[in-house]
Amino acid sequence: MDSPQLKFHLPHWLQAVVATTGGVGLFLIAFLDSSVLTFPVINDLLLIDLSIRNPARMPYYAAMATIGSVAGCLLLYFIARKGGEAMFQKQAGRRGQTIRAWIKRNGFLSILVTALLPPPNPFKVFVIAAGAFEMPVQTFLLGLLAARAIRFFGEGFLAIRYGDQAGQFLVTHKLEVAGIVLAVVLCLYLLSLFAFRPRQASE
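Keep in mind that this is a model prediction, so the values were computed, not measured.

A. Examining the packing of aromatic side chains more closely. All told, the structure shown has five aromatic pairs when counted by the stated rule. With 6.4 Å between their ring centres and 10° between their planes, F27 and F31 make a pair best called stacked. Remark: F31 and F27 occur in helix α2 (residues 23-34); sequence separation between them is four residues, near one turn of the helix. A relative accessible area of 28% means that F27 is categorised as partly exposed. One aromatic cluster in this structure is built from Y77, F78 and F140. Directly above the aromatic system of F123 lies the positively charged group of R148, at a separation of 4.7 Å from the ring centroid.

And the structure:
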């Protein structure tokens, strides 16, 4: 496999990991980005770069980025669950009450939506809120896995379809892309609620 030309602001040791390991490097960056460090958009661009260079391995790259991101978020979720509301208030600041109310009313949807939106969306605050307010881990995982899989596999598809233009398009039109994906996901979510809502017993 050709090594990707790493044009991104990463520590040298991480550049070396990605250049030599590909999917494992993607997993590591996605894990760190979703937990204790922040590398905005970098794992997305690396996924695109690797997929362009080896299209047949795109599903592997997308899966590793998805699993790494989910694992990192789970770590942050359990840290927040142990740290409780004090940790959440420290991170959320003035937005705390609004985020808390939204999480309480729309747990699954809050994770699904914020995990799809690009930076500077404050996604980690919602992960911390999910842990601090003890959102059921199954609900948290389902929303997160759905959003990250849609995001990373979608980026991999764009990379194969449009080549080098995919990364530039993602950077310059990230809000438009996220908005379209979000609209589709929300429509499917609302349709599922309608399709599976309890039916009134006939009199």
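B. Structural detail: the environment of L37. Inspection of the secondary structure assignment puts L37 in the loop between α2 and α3 (42-53). Taking the C-alpha atoms as reference points, L37 and G72, 35 residues apart in sequence, are found 9.8 Å from one another.

C. Local environment of the nonpolar core. Ranked by size, the top nonpolar core spans 29 residues in total, and within it F88, I99, I103, I111, V127, F140 and L144 carry the most contacts. Secondary structure elements with two or more residues in this core: α4 (58-92), α5 (96-105), α6 (107-116), α7 (123-132) and α8 (137-162). Per-element accounting of this core gives the leading share, eight residues, to α7. Sequence-distant contacts of F140, defined by excluding residues within four places in its chain, comprise C73, L74, Y77, I111, V127, A130 and M135. Within the second largest apolar cluster, 14 residues are counted, among which are L26, I29, I42 and Y61.

D. Up close: the confidence of the model for the chain. For the chain, mean pLDDT is 80; residues scoring 70 or higher make up 77% of the total. Averaged pLDDT values over the elements of the chain bottom out at 67 in helix α10 (residues 174-196) and peak at 91 in α4. In this model, residues 1-7 is a region of pLDDT below 50 whose contacts with residues beyond four sequence positions or in other chains number 18 contacts.

E. Here's a closer look at the pattern of salt bridges. As enumerated under the stated definition, the model contains three salt bridges in all. Taking the shortest distance from any N to any O, the salt bridge between D49 and R53 comes out at 3.5 Å. Of the two residues, D49 and R53 are both situated in helix α3; the distance of four residues between them amounts to about one turn of the helix. Across the salt bridge formed by R151 and E155, the nearest N and O atoms sit 3.8 Å from each other. Of the two residues, R151 and E155 both sit in helix α8, four residues apart, roughly one turn of that helix. Here E155 falls in the buried class, since its relative accessible area comes to 6%. Residues joined by salt bridges that share partners form a network here, namely D44, R151 and E155.

F. Geometry of the side chain of T114. By the element assignment, T114 lies in helix α6. Not counting residues within four places of it along the chain, the set of residues in contact with T114 comprises N121, F123 and F126.

G. Region of the structure containing the environment of I128. As for its placement among the helices and strands, I128 is situated in helix α7. Exposure remark for I128: the relative accessible area of 4% places this residue in the buried category. Beyond its immediate stretch of four places on either side in the chain, I128 contacts L76, A80, M87, F88 and Q91.

The rules behind each value
Residues numbered from 1 in each chain as written. Predicted model: local features only at pLDDT ≥ 70, side-chain atom pairs only at ≥ 80, totals over all residues. Heavy atoms only, no water. Phe/Tyr/Trp six-rings, centres within 6.5 Å; stacked < 30°, edge-to-face > 60°. Helix = DSSP H or I, 4+ residues; strand = E, 2+ residues; numbered from the N terminus. Buried < 20%, exposed > 50% of the residue type's maximum accessible area, 1.4 Å probe, protein only. Lys NZ or Arg CZ within 6 Å of the ring centre and 35° of its normal. Core = buried A, V, L, I, M, F, W, Y, C linked by side-chain atoms within 4.5 Å. Contact = heavy atoms within 4.5 Å. pLDDT = per-residue confidence, 0-100. Salt bridge = Lys/Arg side-chain N within 4 Å of Asp/Glu carboxyl O.

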